[in-house]
Amino acid sequence: MSTPQHRPRVIIIGGGFAGLSAARGLASTPCDITLLDRRNHHLFQPLLYQVATAALSPAQIAAPIRRILRSQRNATVLLADVSSIDPQTRVVKIKPAPGDAAADEQSLPYDHLVLAAGVTHSYFGRDDWADLAPGLKSVEDATAIRAKFLIAFEAAERATDPYERRYHLTFIVVGGGPTGVELAGAMAEIARSILTSEFRSIKTETARVILVEANERVLSTYPADLSDRAKRDLESLGVQVLTSSRVTHIDPRGVEIRIARAPDLPANAPDPEPLRVDAATVVWAAGVKASPLAASLGVPLDKAGRVLVNADLSIPNHPEIFVAGDLASVMQHSAPSKPVPGVAPAAMQMGRHVARVIRAELVALSQGQSPPPRPPFVYTNKGELATIGRNKAVGVLGFGLNFPFAGFFAWLFWALVHVTYLIGFRNRLLVMFDWVWSYVFFSRGARLITTDQHDRAAPPQAR
Ligand SMILES: Cc1cc2nc3c(=O)[nH]c(=O)nc-3n(C[C@H](O)[C@H](O)[C@H](O)COP(=O)(O)OP(=O)(O)OC[C@H]3O[C@@H](n4cnc5c(N)ncnc54)[C@H](O)[C@@H]3O)c2cc1C
């Protein structure tokens, strides 16, 4: 790479875990950083399910990116929706500002680019299910799910027909990964221990929460005994866990679930009939697909559309472009058959790695030296944790220990880790306060229905 005549321009797309870590890692580097995000806030996605289930308010798990980087003089934050990247001319194209549709796309030139635009949910080719079964990725998703969830109880309270009540009080969660497990556990817990005294016509504890998972077990990346423990914990909260089962159809009245054949069924026995479940609320927590920006790089992608990056996280033939976070597809340095997982610690580590590489090169160039060789990205697995409900969590401690643990201490550890990684002292304090309050008084502080779409809860005509 030749030395640029101007101060080097680094564009970072995405103010999530990877993009922010990259920006912060370049704080004392002689360069001008422009961080672009289509939202004005960094979102702590691991606690989104708590917004969806009314435990926390959106502002407690989000922070304005502009504020986070306010003291970093070499960083400029722009609210901008990136439409494409042109690696040949080294420009990023951004859509016209809202309300200025007549304007042309704007092009921003870069010397180094860090693409950290993340992933979104995948409906495996059934995008028409998106309205019927919202996924959980943004604040808007979480408040929409919260409204759906709370409206269901209100509609059931008003209903006079037992079928109608059952329809409103049935909740389906599709996908038994950490998000699905956390959502299903929280929904069952609220119905059974928080809302019970507030309704007069319905018994909220009769609500059915059904978790559908295509794999043989929930939390399939965890050791088998922790998956079993999570399933038992969910069942103790009243969640019906259907493993080896797929949702094959969703309509406004509910879902059809195909349950795998029992292994002891004779070969000539017919497949079990799909199970029809009428439910007012269906939530999608299965599968991810990459940001479409990955495709505009014109380099090989994996099955989910993520960029197959080099060991240093740059892309083939373009050492000036890096991809970090969920959007990067890369194997672990110490275990080349294992992919780096799509989790927040991996995204932060990637962001910091990219910043170190760029910094080393820019510092060397500014001193008239040739850039040092680039080290590969090495992922440190700190472990994984999923909470199921009050005093219930499962986890594996990383750092090479691979120590599995579950129960109250795992739950306490989960809470500590999540509070520690939240951005902003005020948010940490408020979240801790709300959790202690909820724990002591069995209450949920954010039970606001902020939509007037009550008609969405209209019961089906057919029985
Ligand atoms: C519900 C849920 C629960 C999770 N729970 C956990 C957990 O418990 N533990 C854990 O470790 N991980 C968890 N994760 C995963 C973790 O949140 C991700 O691994 C992490 O957010 C990835 O960081 P990232 O920076 O790659 O992407 P993101 O954090 O998704 O950030 C991407 C950013 O890019 C911006 N962007 C996207 N497209 C554009 C565009 N075209 N133009 C401008 N900006 C754009 C977005 O607005 C966003 O701010 C969870 C994820 C979800 C959705």
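The structure displayed is predicted, hence computed values, not measured ones.

1. Considering the overall build of the protein
Logical step 1: The helix and strand inventory of the protein stands at ten helices and 25 strands.
Logical step 2: For the protein, the C-alpha radius of gyration of 24 Å lies close to 23 Å, the compact-globule estimate for 463 residues.
Logical step 3: With the C-alpha coordinates of the protein rotated into their principal frame, the extents come out at 75 × 55 × 45 Å.
Logical step 4: The contacts of the protein with a sequence gap of at least 6 include a subset with a gap of at least 24, amounting to 64%.

2. Things to note about the site of the ligand
Logical step 1: Contacts to the ligand come from 28 residues, most closely from A18, D37, V82, D326 and A344.
Logical step 2: At 3.2 Å, a backbone N or O of G342 approaches an oxygen atom of the ligand.
Logical step 3: Considering the ligand on its own, with 990 Å² of exposed area, one finds that the protein chains cover 89% of that surface.
Logical step 4: For the shell around the ligand, the secondary structure elements donating two or more residues are α1 (17-25) and α8 (344-366).
Logical step 5: Counting residues per element, the shell around the ligand draws most heavily on α8, which supplies three residues.
Logical step 6: Here the residues of the shell around the ligand are counted per class, giving 13 nonpolar, nine polar and six charged.

3. Some details on the side chain of T204
Logical step 1: When you line up the elements, T204 lands in the loop between α6 (178-194) and β12 (208-212).
Logical step 2: Look at T204 and you get buried, because its relative accessible area is 0%.
Logical step 3: Of note is the side chain of T204, whose polar atom sits 3.5 Å from the backbone nitrogen of T196.
Logical step 4: Beyond its immediate stretch of four places on either side in the chain, T204 contacts F153, A191, L195, T196 and F199.

4. Overview of unusual backbone geometry
Logical step 1: Non-glycine residue S244 carries a positive phi angle of around 50°.
Logical step 2: Within the element layout of this structure, S244 appears in the loop between β13 (239-242) and β14 (245-251).
Logical step 3: Relative accessible area serves as the criterion here: at 25%, S244 is assigned to the partly exposed category.
Logical step 4: One non-glycine residue, N391, lies in positive phi territory at about 65°.
Logical step 5: Positionally, N391 belongs in the loop between β23 (383-389) and β24 (392-397).
Logical step 6: Residue N391 is classed as partly exposed on the basis of its relative accessible area, which comes to 27%.

5. A word on the packing of aromatic side chains
Logical step 1: This structure, assessed with the given rule, holds 16 aromatic pairs.
Logical step 2: Among the aromatic residues, those joined into a ring-pair cluster are Y123, F124, W129 and W284.
Logical step 3: Over the aromatic face of Y439 sits the side chain of R390, whose NZ or CZ is 4.1 Å from the ring centroid.

6. Here's the deal with helix α9 (residues 408-421)
Logical step 1: Taking 1.5 Å per residue as the helical rise, α9 with its 14 residues ought to reach 20 Å, and the 20 Å between its terminal C-alpha atoms agrees with that figure.
Logical step 2: In this structure, the buried residues of α9 make contact with α2 (48-52), α6, β23, β24, β25 (403-406) and α10 (425-441).

7. Some words on the domain arrangement of the protein
Logical step 1: Its domain assignment divides the protein into domain 1 (9-38 + 80-121 + 288-366) and domain 2 (127-286 + 383-457).
Logical step 2: The distance between the C-alpha centroids of domain 1 and domain 2 comes to 32 Å.
Logical step 3: Taken residue by residue, the interface counts nine residues in domain 1 and nine residues in domain 2.
Logical step 4: Together, the buried faces of domain 1 and domain 2 total about 550 Å²; carbon and sulfur atoms form 59% of this surface.
Logical step 5: In terms of surface lost to domain 2, no three residues of domain 1 exceed V119, H121 and M348, which account for 57% of the buried area on that side.
Logical step 6: Summed over the shared surface of domain 1 and domain 2, the result is zero salt bridges.

8. Examining a nonpolar patch on the surface
Logical step 1: Nonpolar side chains collect at one region of the surface, where F408, F409, L412, F433, V436, W437, Y439, V440 and F441 lie side by side and expose about 930 Å² of accessible area between them.
Logical step 2: Turning to its location among the elements, V436 is positioned in helix α10.

9. Quick word on the nonpolar core
Logical step 1: The biggest cluster of nonpolar side chains holds 124 residues, and the ones touching the most others in it are I13, L36, I61, V92, F153, L297 and V323.
Logical step 2: When we break this core down by domain, the ones giving at least three residues each are domain 1 (9-38 + 80-121 + 288-366) and domain 2 (127-286 + 383-457).
Logical step 3: Contacts of L297, omitting those with residues within four sequence positions, involve I85, P87, L115, V307, I315, I321 and V323.
Logical step 4: If you look at the next biggest cluster of nonpolar residues, it comprises 17 residues, including Y123, I210, V212 and V277.

10. Concerning the sheet that holds strand β7 (residues 91-94)
Logical step 1: What the three strands build is an open sheet, ordered β6-β7-β8; its pairing is antiparallel. Two strands close off the open sheet at either side, each with one partner strand: β6 (82-86) and β8 (106-109). Put simply, the sheet's adjacent strands are angled 25° from each other on average, direction ignored.

Quick notes on the rules
Residues numbered from 1 in each chain as written. Predicted model: local features only at pLDDT ≥ 70, side-chain atom pairs only at ≥ 80, totals over all residues. Heavy atoms only, no water. Helix = DSSP H or I, 4+ residues; strand = E, 2+ residues; numbered from the N terminus. Rg over C-alpha atoms; globule rule 2.2 N^0.38 Å. Contact = heavy atoms within 4.5 Å. Near = heavy atom within 4 Å. Polar contact = N/O pair within 3.5 Å; in protein donor to acceptor, adjacent residues only side chain to side chain. Areas by Shrake-Rupley, 256 points an atom, 1.4 Å probe, with all protein chains shown as cover. Nonpolar A, V, L, I, M, F, W, Y, C, P; charged D, E, K, R; others polar. Buried < 20%, exposed > 50% of the residue type's maximum accessible area, 1.4 Å probe, protein only. Phe/Tyr/Trp six-rings, centres within 6.5 Å; stacked < 30°, edge-to-face > 60°. Lys NZ or Arg CZ within 6 Å of the ring centre and 35° of its normal. Expected span 1.5 Å × (residues − 1). Domains from an automatic or database assignment. Buried area = accessible area lost by both parts, 1.4 Å probe. Salt bridge = Lys/Arg side-chain N within 4 Å of Asp/Glu carboxyl O. Patch = residues over 30% accessible without salt bridge, like charges linked within 9 Å, V, L, I, M, F, W, Y side chains within 5 Å. Core = buried A, V, L, I, M, F, W, Y, C linked by side-chain atoms within 4.5 Å. Pairing = 2+ DSSP bridges. Axes fitted to C-alpha atoms, helices over the stretch in contact; angles between N-to-C directions.

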